[in-house]
Amino acid sequence: TWAAERLHKGVWIRRIFISGTRGEGHEKRRTNSLLELEQREYRDILQWDFSDSFYNLTLKQILFLEWMERNCPGARFLLNGDDDVFAHTDNMVEYLQSLGGNDGSQHLFTGYLIQGHGPVRWKESKYYIPAEIHKEDSYFPYCGGGGFLLSSYTASVIYDMSRSISFHPIDDAYMGMCLAKAGLSPTSHTGFRTLGLKIPSEKVDSYDPCYYKDLLVVHRFLPAEMYYMWNKLSDPNLKC
């Protein structure tokens with residue numbers, strides 16, 4: 001669907017899945033066998049040997065940025081997104097081309113901006129962070145980790161900053177820390193809806209493609225919903 005590798009408006013869209021490992025023993029071997037079959041066919045999986053858990057997302061992010069710097073010097077922009085986001089990649093290309101002077105060699109880090117928030121101290125929460133890990137009661141501004149867009153320049157800066165900043169378990173907040181140390185700021189883009197798209201009426205179809213045609217990223221789509229939405233939005237006869 002939206003991650004299909006293709007040429008759009010003169011630029012290539014390429015796709016990579018990044019993964020750790022899951023389970024132990026037979027379960028781990030079975031999962032890796034499936035990944036190997038997928039990799040043989042599509043050649044689009046990067047895997048590292050660490051537990052693919054919520055609190056290792058920061059490790060995954062930084063390893064990926066390191067790999068990109070070494071292996072893809074020609075990539076100008078990156079979309080970093082969860083596997084359950086719907087990304088309108090055609091719109092994304094057109095947005096990036098509208099930036100004019102920024103060909104990826106200047107700072108860009110944009111998405112759903114979160115500021116004025118701090119670590120969750122409630123021990124039952126998935127996002128719980130004790131004071132021993134982060135003593136301050138606030139984070140630097142950051143973009144929601146469901147999906148954000150950054151230039152190759154900014155990706156390189158974040159990787160450089162990560163060498164001197166201890167890892168923090170909340171990966172999107174950690175990106176904000178790296179940006180702040182470099183004297184850079186994330187920006188808000190209204191096309192990123194990482195908390196989902198709230199349709200204000202129950203009388204309309206919440207999956208009407210007309211609500212999505214101008215957006216860039218919407219979080220929490222099931223595979224069938226992605227397929228449906230991409231095909232609807234790709235219909236040249238769509239009228240809104």
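Each value, and the rule that gives it
- Counting from 1, residues in each chain are numbered in the order their sequence is written.
- Two thresholds apply to this predicted model, a pLDDT of at least 70 for residue-level local features and 80 or more for giving and counting side-chain atom pairs, whereas whole-chain, interface and lining totals are computed over all residues.
- The side-chain quantities take in all heavy atoms of the structure and omit both hydrogens and water.
- Patch criteria: residues need more than 30% relative accessible area and no salt bridge. Like-charged residues are merged within 9 Å; nonpolar side chains of Val, Leu, Ile, Met, Phe, Trp and Tyr are merged within 5 Å.
- Note on areas: these come from Shrake-Rupley sampling with a 1.4 Å probe, and a residue is covered only by the protein chains present in the view.
- By definition, a salt bridge exists where a carboxyl oxygen of Asp or Glu is found within 4 Å of a side-chain nitrogen of Lys or Arg.
- The way it works is that DSSP assigns letters per residue, a run of H or I at least four long becomes a helix, a run of E at least two long becomes a strand, and they are numbered from the N terminus.
- Any residue with an atom within 4 Å of a point lines the site, the site being either a cavity, points on a 1 Å grid over the protein atoms alone where a 1.4 Å probe fits but cannot get out, or a pocket, an open set with protein on both sides within 12 Å along at least 5 of 7 lines.
- Grid points are joined across faces, edges and corners, and a volume is the space filled by probe spheres set on the points.
- Ten residue types, Ala, Val, Leu, Ile, Met, Phe, Trp, Tyr, Cys and Pro, are classed as nonpolar, four, Asp, Glu, Lys and Arg, as charged, and the remainder, Gly among them, as polar.
- Between any two strands, pairing holds if DSSP finds at least two bridges.
- We call two residues contacting when some pair of their heavy atoms lies within 4.5 Å.
- Interaxial angle, 0 to 180 degrees, is taken between N-to-C directions of lines fitted to C-alpha atoms, where a helix line uses only the stretch in contact.
- Relative accessibility under 20% of the residue-type maximum defines a buried residue, over 50% an exposed one, and the middle range a partly exposed one, all with a 1.4 Å probe and only protein chains included.
- Note that the term roughly parallel is reserved for angles under 35 degrees, roughly antiparallel for angles over 145, roughly perpendicular for angles of 65 to 115, and oblique for everything else.
- Crossings are sorted by hand: turned counterclockwise from the far helix by less than a right angle, the near helix makes the crossing left-handed, and turned clockwise it makes it right-handed.
- Among the buried residues, those of types Ala, Val, Leu, Ile, Met, Phe, Trp, Tyr and Cys that are joined through side-chain atoms within 4.5 Å form a nonpolar core.

## Focus on a nonpolar patch on the surface
Taken together, the side chains of Val120, Trp122 and Tyr127 present a nonpolar region at the surface, about 320 Å² in accessible area. Counting through the fold element by element, Tyr127 comes out in the loop between strand S7 (109-114) and strand S8 (142-151).

## Describing the layout of surface pockets
Its volume calculated, the second largest pocket comes out at about 150 Å³. If you go around the second largest pocket, the residues you meet are Leu65, Met68, Glu69, Cys72, Pro73, Ala75, Leu78, Ser152, Ala155 and Ser156. Those elements that place two or more of their residues in the lining of the second largest pocket are helix H2 (57-71) and helix H4 (152-162). In terms of residue class, the lining of the second largest pocket is built from seven nonpolar, two polar and one charged.

## Brief notes about the sheet that holds strand S9 (residues 187-188)
Pairing is mixed in the open sheet, where four strands are placed in the order S5-S8-S7-S9. What marks the edges here is a single partner per strand, and that holds for strand S5 (77-81) and S9. Sheet analysis places S5 next to S8, joined by five bridges and oriented antiparallel. Bridge assignment links Phe77 to a residue of S8, and that residue is Ser151. Each of S5, S7 and S8 touches helix H3 (residues 89-97); the most contacted strand, S8, lies at about 50° to it. Packing of helix H5 (residues 171-181) onto the sheet brings it into contact with S7 and S8, and relative to S8 it is tilted by some 45°.

## Overview of the sheet that holds strand S11 (residues 217-219)
Spatial ordering of the open sheet is given by S6-S11-S10, a layout of three strands whose pairing is mixed. Strands with a single pairing partner mark the edges of an open sheet, and in this sheet they are strand S6 (85-87) and strand S10 (192-193). One ladder, built from two bridges, connects S10 with S11; its direction is parallel. Paired with Arg193 across the strands is Val218, a residue of S11.

## Some remarks on the pattern of salt bridges
Applying the stated criterion to the full structure yields eight salt bridges. Between Asp52 and Lys60 there is a salt bridge, and its shortest N-O distance comes to 3.0 Å. Residue class for Asp52 comes out buried when judged on its relative accessible area of 15%. The salt bridge involving Lys213 is made with Asp214; its shortest N-O contact spans 3.3 Å.

## A word on unusual backbone geometry
Positioned with a positive phi, Lys9 is a non-glycine residue whose angle comes to about 55°. Along the polypeptide, Lys9 turns up in the loop between strand S1 (6-8) and strand S2 (11-13). In this structure, Arg43 takes a positive phi of about 55° despite not being glycine. Tracing the sequence through the fold places Arg43 in the loop between helix H1 (25-42) and strand S4 (45-51). Since its relative accessible area comes to 64%, Arg43 is described here as exposed.

## Topic: the packing of H2 against H5
Where H2 contacts H5, the axes come no closer than 8 Å and their chain directions differ by 50°. What the angle tells us is that H2 and H5 run oblique. Seen from above, H2 lies across H5 with right-handed handedness. From H2, Leu57, Thr58, Gln61 and Ile62 reach across to H5, where they touch Asp171, Tyr174 and Met175. When grouped by side-chain class, the residues that make up the contact of H2 with H5 number four nonpolar, two polar and one charged.

## Examining the nonpolar core
Most often, soluble globular proteins keep nonpolar side chains buried together rather than apart. The biggest cluster of nonpolar side chains holds 31 residues, and the ones touching the most others in it are Leu65, Phe109 and Ile158. Top contributing element to this core by residue count: H5, with six residues. Apart from residues no more than four positions distant in its own chain, Phe109 is found in contact with Cys143, Phe148, Leu149, Leu150, Thr154, Ile158, Met175, Leu179, Ser185, Pro186 and Thr187. Ranked by size, the runner-up nonpolar core spans 24 residues in total, among them Met92, Tyr95, Leu108 and Val217.

## A closer look at the environment of Cys143
Locating Cys143 in the fold gives a position in strand S8. Distance in space between the C-alpha atoms of Cys143 and Phe192 is 9.6 Å, their sequence separation being 49 residues. Not counting chain neighbours up to four residues away, the residues in contact with Cys143 comprise Phe109, Thr110, Gly111, Tyr112, Leu113, Phe148, Asp172, Pro186 and Thr187.

Structural measurements only, silent on function.
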